[in-house]
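Listed here are the chains, written in short residue letters.
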Amino acid sequence: MYKILANTIFLGKDIINLPECHSTNEIAMAKVKSKEGAEGTIVVTENQTKGKGQRGNVWYTQAGKNLTFSLILSPKFLKPLDQFNLNIVASKAIHEVLSQYVHGLKIKWPNDIVHEEDGKLGGILIENIIGQNSIEYSIVGIGLNLNQLTFEISSATSVAKLSGGEVEKWEIFKLLIQKIESNYLELKRGNVKNLKDYYMHHLYQFDQMNRYKDSIEFEGKIVAINDYGQLGIQKKEGIINYYNFKEVSFL
Ligand SMILES: O=C(O)CCCC[C@@H]1SC[C@@H]2NC(=O)N[C@@H]21
């Protein structure tokens, strides 16, 4: 069991801690839809049995070892087209906290946390309820591999594997809540530039030639992310193409 004294203003004041559930995102979304989930509520579980990942994938995690949780936010100050800013808020917070434990971490667009040589440690799945001209609610689901040591896929890793020892997951949870809240409040105050500068500074493969694939494989370098969160890749010939998620893959 954990004791959290996160010292936050609103985030994590209400924590729903479940020994087991299918998906914390699903539970958080159901809470919002039934008007039981106020902004700041967090759903966390020790054993997520059917975690949702990006691109319709399943997020696998070993019971008890890792962090799987979802935050309920109500960013009505954001227009639907500005929703990528929430990815920046969450990925920056995770990068800031996990970098206290492991060196060489990067943010892989749009919101994976990876080690530059050793694979993926964490992912974020954001699901929004969009209103007329604003984001009514946002469920920010976070899965982080902390103490898991063996993986079925070779591209996955964990903080413990990279740092050489088990970490205190509730301490990391507390630090994350604090960082996410402070980044979110910074976004609310309109300081997007500071947040985005951090994100770009730690972006995986930024300004390096690499291979990518859209309809065909090509060589290019990541040079920008625009206000809509599209990834700008400059091809060898100099033209910059902007991609939505799913339109381009890293090779
Ligand atoms: O594919 C990814 O990289 C995103 C993974 C997001 C997984 C987290 S775990 C907690 C939350 N609940 C879910 O069902 N998914 C997210």
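Before any of the text, the structure's been laid out above.
Read on for a plain summary of the structure. The shown structure was predicted, so the numbers you read here are calculated from the model rather than taken from an experiment.

Let us now look at the nonpolar core. Within the largest apolar cluster, 59 residues are counted, with the highest numbers of intra-cluster contacts made by Leu67, Phe69, Leu98, Trp109 and Tyr199. Domain assignment of the residues forming this core places at least three in each of domain 1 (14–201) and domain 2 (209–250). Sequence-distant contacts of leucine 98, that is, excluding residues within four places in its chain, are made with Leu105, Leu121, Leu144, Leu146, Val159 and Ile172. By size, the runner-up hydrophobic cluster in this structure holds 8 residues, among which are Cys21, Met29, Ile72 and Ile139.

Another point: the site of the ligand. Around the ligand lies a shell of 20 residues, among which Ser23, Thr24, Lys52, Gln54 and Lys120 are the nearest. Here an oxygen atom of the ligand sits 2.7 Å away from a polar atom, N or O, in the main chain of lysine 52. Here an oxygen atom of the ligand sits 2.7 Å away from a polar atom, N or O, in the side chain of lysine 120. A majority-of-atoms criterion places the ligand in the largest pocket. Of all the secondary structure elements, the ones that give two or more residues to the shell around the ligand are α1 (24–33), β3 (51–52), β5 (67–73), β8 (119–130) and β9 (135–144). A per-element tally of the shell around the ligand places β8 first, with 4 residues.

Looking now at the packing of helix α2 (residues 84–98) against helix α4 (residues 169–188). Where α2 contacts α4, the two axes come as close as 8 Å, and the packing angle between them is 140 degrees. Between α2 and α4, the angle is such that the two are oblique. Taken as a pair, α2 and α4 cross one another with a handedness that is right-handed. Contacts between α2 and α4 involve Asn85, Leu86, Val89, Lys92, Ala93, Ile94, Glu96, Val97 and Leu98 from the former and Ile172, Leu175, Leu176, Lys179, Ile180, Asn183, Tyr184 and Leu187 from the latter. For the contact of α2 with α4, the residue count by class is 12 nonpolar, 2 polar and 3 charged.

Basis of the calculations
- Residues numbered from 1 in each chain as written.
- Predicted model: local features only at pLDDT ≥ 70, side-chain atom pairs only at ≥ 80, totals over all residues.
- Heavy atoms only, no water.
- Core = buried A, V, L, I, M, F, W, Y, C linked by side-chain atoms within 4.5 Å.
- Buried < 20%, exposed > 50% of the residue type's maximum accessible area, 1.4 Å probe, protein only.
- Domains from an automatic or database assignment.
- Contact = heavy atoms within 4.5 Å.
- Near = heavy atom within 4 Å.
- Polar contact = N/O pair within 3.5 Å; in protein donor to acceptor, adjacent residues only side chain to side chain.
- 1 Å grid on protein atoms, 1.4 Å probe; cavity = no way out; pocket = protein on both sides within 12 Å on 5 of 7 lines; lining within 4 Å.
- Sits in = over half its atoms within 2 Å of the grid points.
- Helix = DSSP H or I, 4+ residues; strand = E, 2+ residues; numbered from the N terminus.
- Axes fitted to C-alpha atoms, helices over the stretch in contact; angles between N-to-C directions.
- Parallel < 35°, antiparallel > 145°, perpendicular 65-115°, else oblique.
- Left-handed = near helix turned anticlockwise from the far one by under 90°.
- Nonpolar A, V, L, I, M, F, W, Y, C, P; charged D, E, K, R; others polar.

Everything listed here is a matter of geometry and, on its own, says nothing about what the molecule does.
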